[in-house]
Amino acid sequence: AIPNERGFWTIWKRAESGREYVVGADIAEGIEIDGAPADDKRDYSSADVLDRHTGEQVAQFHAQVTPDEFGRQLALAGEWYNWAYMNPEMNAGYGAHLVDTMKAEKYPEHCFYHRENNEIGWKTTNVNKKPLLSALDMAIRDKELVINSEETVRELRSFIVKPDGRLEGGAGNKDDRVISLAIAYRTLITAPAGRMTDTVSQKPIRYIPYKPMYESRRTVRSYAN
């Protein structure tokens, strides 16, 4: 990996042979966040890669890109991390577009999280959002996760329960990294073992140039070791 301050990925640890990884992804819906700075109001697509053996956050994606570009980025990263077990959030229809792109890029079907109805990806509802975030809270308290992202820690500290019961970032604060980490942890504790033996002969995914989603004056900083 080559260091790039304008890159989308922050990488703390490279993939290691024989290790399994999981990915939780929260796709941007293009909504504006109340109270956010005028030049940075929209939400972001975010993804976290966790080492299944240690619970360590080894990489993070954070950018404003189209769903198809997010899908390409996840497919490439998933391949690099030993065909990581992938769990994108499927709310608002954008997730389906992301998954379609990943399938077009030949990401293996068995490397996706499936819900009870056998549909791909995590679907956040009013019923399961609180347990999802409560599980993340307990994992952090019990030191089951190693969080390397300072931005994730900042979002976690600003995450609140609002008077109407909603769980989200406080006024002017975004929570994309909180949701992607929560989904990643959910994936960590539910991913089936032994998937790597089924992906040894998988053909590499070809690289497709990136397509921007928004004009943004904010630089997304990323460092690769």
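Data block above holds the structure.
What counts and how
- Residues numbered from 1 in each chain as written.
- Predicted model: local features only at pLDDT ≥ 70, side-chain atom pairs only at ≥ 80, totals over all residues.
- Heavy atoms only, no water.
- Helix = DSSP H or I, 4+ residues; strand = E, 2+ residues; numbered from the N terminus.
- Buried < 20%, exposed > 50% of the residue type's maximum accessible area, 1.4 Å probe, protein only.
- Contact = heavy atoms within 4.5 Å.
- Salt bridge = Lys/Arg side-chain N within 4 Å of Asp/Glu carboxyl O.
- Arc of directions from axis to C-beta.
- Expected span 1.5 Å × (residues − 1).
- Axes fitted to C-alpha atoms, helices over the stretch in contact; angles between N-to-C directions.
- Parallel < 35°, antiparallel > 145°, perpendicular 65-115°, else oblique.
- Nonpolar A, V, L, I, M, F, W, Y, C, P; charged D, E, K, R; others polar.
- Pairing = 2+ DSSP bridges.
- Phe/Tyr/Trp six-rings, centres within 6.5 Å; stacked < 30°, edge-to-face > 60°.

A count of helices and strands for the protein gives five helices and seven strands. Counted from the first residue to the last, the protein has its helices and strands arranged as β-β-β-β-α-β-α-α-α-β-β-α. Expressed as a percentage of its 225 residues, the buried residues of the protein come to 52%. Sequence separation of 24 or more characterises 74% of the internal contacts of the protein that already satisfy a separation of 6 or more.

Quick look at the pattern of salt bridges now. Under the criterion given, the structure shown has nine salt bridges. Salt-bridge contacts for Lys 103 lead to Glu 109; the nearest nitrogen and oxygen are separated by 3.9 Å. Between Glu 155 and Arg 177 there is a salt bridge, and its shortest N-O distance comes to 3.1 Å. Pair noted here: Glu 155 is in helix 4 (residues 150-158) and Arg 177 is in helix 5 (residues 176-188), with a separation of 22 residues, a long-range link. Here the two residues Glu 155 and Arg 177 agree in accessibility, since each one is buried. When salt bridges with common partners are traced through the structure, they connect Asp 68, Glu 69 and Arg 72 into a single cluster.

Residues three or four positions apart in an α-helix share a direction because the helix packs 3.6 residues into each turn. Considered for burial, the residues of helix 2 (residues 94-104) that qualify are Gly 95, Leu 98, Val 99, Thr 101 and Met 102. Across the axial projection of helix 2, the buried residues extend over an arc of 155 degrees, all falling on one side. Along its buried surface, helix 2 packs onto helix 1 (67-80) and strand 5 (85-88). Two residues or fewer after helix 2 comes Lys 106, characterised by a positive phi angle close to 70 degrees.

The terminal C-alpha atoms of helix 3 (residues 129-141) lie 18 Å apart, and with 13 residues this matches the ideal 18 Å at 1.5 Å per residue to within 8%. The first or second residue beyond helix 3 is Lys 143, which carries a positive phi of 60 degrees.

The N-to-C vectors of helix 3 and helix 5 enclose an angle of 80 degrees; their axes lie 9 Å apart at closest approach. Classified by the angle their axes make, helix 3 and helix 5 are roughly perpendicular. Residues Lys 129, Leu 132, Leu 133, Ala 135, Leu 136 and Ala 139 of helix 3 lie in contact with helix 5, whose contacting residues are Val 178, Ile 179, Leu 181, Ala 182, Ile 183, Tyr 185 and Arg 186. Per-class residue counts for the contact of helix 3 with helix 5 are 11 nonpolar, no polar and two charged.

It is worth spelling out the sheet that holds strand 1 (residues 9-11) at this point. Pairing is mixed across the open sheet formed by five strands, whose spatial order is 1-4-3-2-5. In the strand order of this sheet, the two ends are held by strand 1 and strand 5, each with one partner. Within this sheet the neighbouring strands show an average axis-to-axis angle of 15 degrees, counted without direction. Looking at chain direction, strand 1 and strand 4 (residues 57-63) are connected through three bridges and run antiparallel. Across the sheet, the residue bridging to Ile 11 is Ala 59, located in strand 4.

This part is about the packing of aromatic side chains. Inspection of every chain in the model, using the stated rule, returns eight aromatic pairs. With a centroid separation of 5.3 Å and 70 degrees between ring planes, the pair formed by Trp 9 and Phe 61 is classed as edge-to-face. Of this pair, Trp 9 sits in strand 1 while Phe 61 sits in strand 4, placing them 52 residues apart in sequence. Given a relative accessible area of 15%, Trp 9 falls into the buried group. Between the aromatic rings of Tyr 21 and Tyr 81, the centroid separation amounts to 5.0 Å while the plane-to-plane angle is 65 degrees, which identifies the pairing as edge-to-face. Of this pair, Tyr 21 sits in strand 2 (residues 21-26) while Tyr 81 sits in the loop between helix 1 and strand 5; the two residues are 60 residues apart in sequence, bridging distant segments of the chain.

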